[in-house]
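# Structural overview for review
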Amino acid sequence: MDQVKIGQFIKDCRNKNNLTQMQLAEKLGITDRAVSKWENGRAMPDSAIMLDLCKELKITVNDLLSGEVVTMDNYNENSEKIILEMVKEKEKNDKLLLKVEILMGVVCIIIMLSLTIIASYVQMEEWLRVLLILIGFAPIVVAAPFMLKIEQIAGYYECKECGHKYVPKYSSVFYAMHINRTRYMKCPECNKRSWQKKVINKD
Ligand SMILES: [Zn+2]
């Protein structure tokens with residue numbers, strides 16, 4: 001999505017409706033800095049506020065995301081383009097999330113290994129040794145739920161039996177046996193259990 005074009009469009013619509021940035025911000029219950037950010041193309045309106053914003057500007061969400069008033073003639077083509085772009089955006093974000101997960105894992109392992117090595121080779125009291133090893137485990141204990149959440153929501157799991165791609169429940173991911181990102185889970189479509197791979201694309 002062309003953030004700069006959308007920003008300019010928001011500005012044009014705001015002016016057409018005789019609103020200052022401050023007035024529009026007040027109507028939406030946000031700061032005028034947020035409005036200014038959109039108009040400069042530095043941020044997109046939150047999905048939670050989009051409907052209200054469109055109401056104030058007297059445009060549709062489709063118009064907003066296209067950065068122009070969409071006529072009936074190009075409506076379908078336009079919606080499809082927006083949906084495709086959103087899918088692409090989601091894929092990009094999912095890939096980033098999975099990279100973040102790997103990074104969290106690596107950092108946790110480095111901390112754990114360093115402290116374990118120190119505890120094993122450096123002269124110290126016994127209780128300190130135990131404490132160091134326990135502290136070494138702390139980051140992974142804290143990070144694990146976040147990593148698992150990423151695993152659940154980023155991309156899809158693909159059923160080996162029927163090819164169905166879906167986002168499983170957190171509990172399914174939590175309890176499933178796994179080898180790296182491949183998990184042994186029950187497919188909601190065909191109800192068969194199989195080793196399901198993580199995939200980014202839906203189709
Ligand atoms: Zn299946």
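Quick note: structure is the one above.
An account of the accompanying structure is given in this report. No experiment lies behind these values; they were computed from the predicted model shown. (Residues numbered from 1 in each chain as written. Predicted model: local features only at pLDDT ≥ 70, side-chain atom pairs only at ≥ 80, totals over all residues. Heavy atoms only, no water.)

This brings us to the overall build of the chain. A tally of regular secondary structure across the chain gives eight helices and five strands. Going residue by residue from the N terminus, the α and β elements of the chain occur as α-α-α-α-α-α-α-β-β-α-β-β-β. Taking 203 residues into account, the globule formula puts the C-alpha radius of gyration at 17 Å, and the chain, at 24 Å, lies well above it. For the chain, the spread of C-alpha atoms along the principal axes amounts to about 75 × 45 × 20 Å. For the chain, the proportion of contacts with a sequence separation of at least 24, taken over those separated by at least 6, is 53%. Surface exposure of the chain reaches about 13400 Å², of which carbon and sulfur atoms provide 60%. Treating the 29 positive side-chain charges of the chain as one cloud and the 25 negative ones as another, the clouds have centres 4 Å apart. (Helix = DSSP H or I, 4+ residues; strand = E, 2+ residues; numbered from the N terminus. Rg over C-alpha atoms; globule rule 2.2 N^0.38 Å. Contact = heavy atoms within 4.5 Å. Areas by Shrake-Rupley, 256 points an atom, 1.4 Å probe, with all protein chains shown as cover. Lys, Arg positive; Asp, Glu negative; His and termini not counted. Charge placed at Lys NZ, Arg CZ, Asp CG, Glu CD.)

What follows is about the coordination of the zinc ion. The coordination sphere of the zinc ion contains the protein donors Cys159 (SG), Cys162 (SG), Cys187 (SG) and Cys190 (SG), at a distance range of 2.3 Å. A relative accessible area of 3% means that Cys159 is categorised as buried. For Cys187, a relative accessible area of 0% gives the class buried. (Donors = N, O, S within 2.8 Å, 3.2 Å for Na, K, Ca; no water. Buried < 20%, exposed > 50% of the residue type's maximum accessible area, 1.4 Å probe, protein only.)

With that settled, the discussion passes to a nonpolar patch on the surface. On the surface, a cluster of nonpolar side chains totalling about 610 Å² of accessible area is made up of Ile109, Leu113, Ile117, Ile118, Tyr121 and Val122. As for its position among the elements, Ile117 is in helix α6 (residues 75-121). With relative accessibility at 49%, the residue Ile117 sits in the partly exposed group. (Patch = residues over 30% accessible without salt bridge, like charges linked within 9 Å, V, L, I, M, F, W, Y side chains within 5 Å. Salt bridge = Lys/Arg side-chain N within 4 Å of Asp/Glu carboxyl O.)

The residue Val141 is located in helix α7 (residues 126-153) in this model. A residue is classified by how much of its surface remains accessible, and Val141, at 57% relative accessible area, is exposed. As for Val141 and Ser36, which are separated by 105 residues in sequence, their C-alpha atoms are 41 Å apart.

Core analysis: the biggest nonpolar cluster contains 19 residues, and Ile10, Leu24, Trp38, Leu53, Leu57, Ile59 and Leu64 have the highest contact counts within it. Counting only elements with at least two residues in this core, the list comes to α1 (3-16), α2 (21-28), α3 (32-39), α4 (47-57) and α5 (61-66). Residue contributions to this core peak at five residues, all from α4. Residues Tyr157, Tyr166, Ala176 and Met185 belong to the second largest nonpolar core, which totals six residues. (Core = buried A, V, L, I, M, F, W, Y, C linked by side-chain atoms within 4.5 Å.)

Attention shifts here to the packing of aromatic side chains. Applying the stated rule across the entire model yields three aromatic pairs. Judged by centre distance (5.3 Å) and plane angle (50 degrees), the rings of Tyr184 and Trp195 are tilted. Taken together, the residues Tyr184 in strand β4 (residues 182-186) and Trp195 in strand β5 (residues 193-199) connect sequence positions eleven residues apart. Of the residues examined, Tyr184 reaches a relative accessible area of 27% and is grouped as partly exposed. Joined through ring pairs, the aromatic side chains of Tyr170, Phe174 and Tyr175 make up one cluster. (Phe/Tyr/Trp six-rings, centres within 6.5 Å; stacked < 30°, edge-to-face > 60°.)

You will see that Asn18, though not glycine, has its phi angle at about 55 degrees, which is positive. Structurally, Asn18 can be placed in the loop between α1 and α2. The residue Asn191 is not glycine, and still its phi comes out positive at about 65 degrees. With respect to the helices and strands, Asn191 occurs in the loop between β4 and β5.

As for its placement among the helices and strands, Gln196 is situated in strand β5. Reaching out from Gln196, the side chain makes a polar contact with the side chain of Tyr166 at a distance of 2.6 Å. When sequence neighbours within four positions are dropped, the list of residues in contact with Gln196 reads Tyr157, Glu158, Cys159, Tyr166, Arg181, Thr182, Arg183, Met185, Lys186 and Cys187. (Polar contact = N/O pair within 3.5 Å; in protein donor to acceptor, adjacent residues only side chain to side chain.)

So far we have only geometry, and geometry alone does not tell us how the molecule works.
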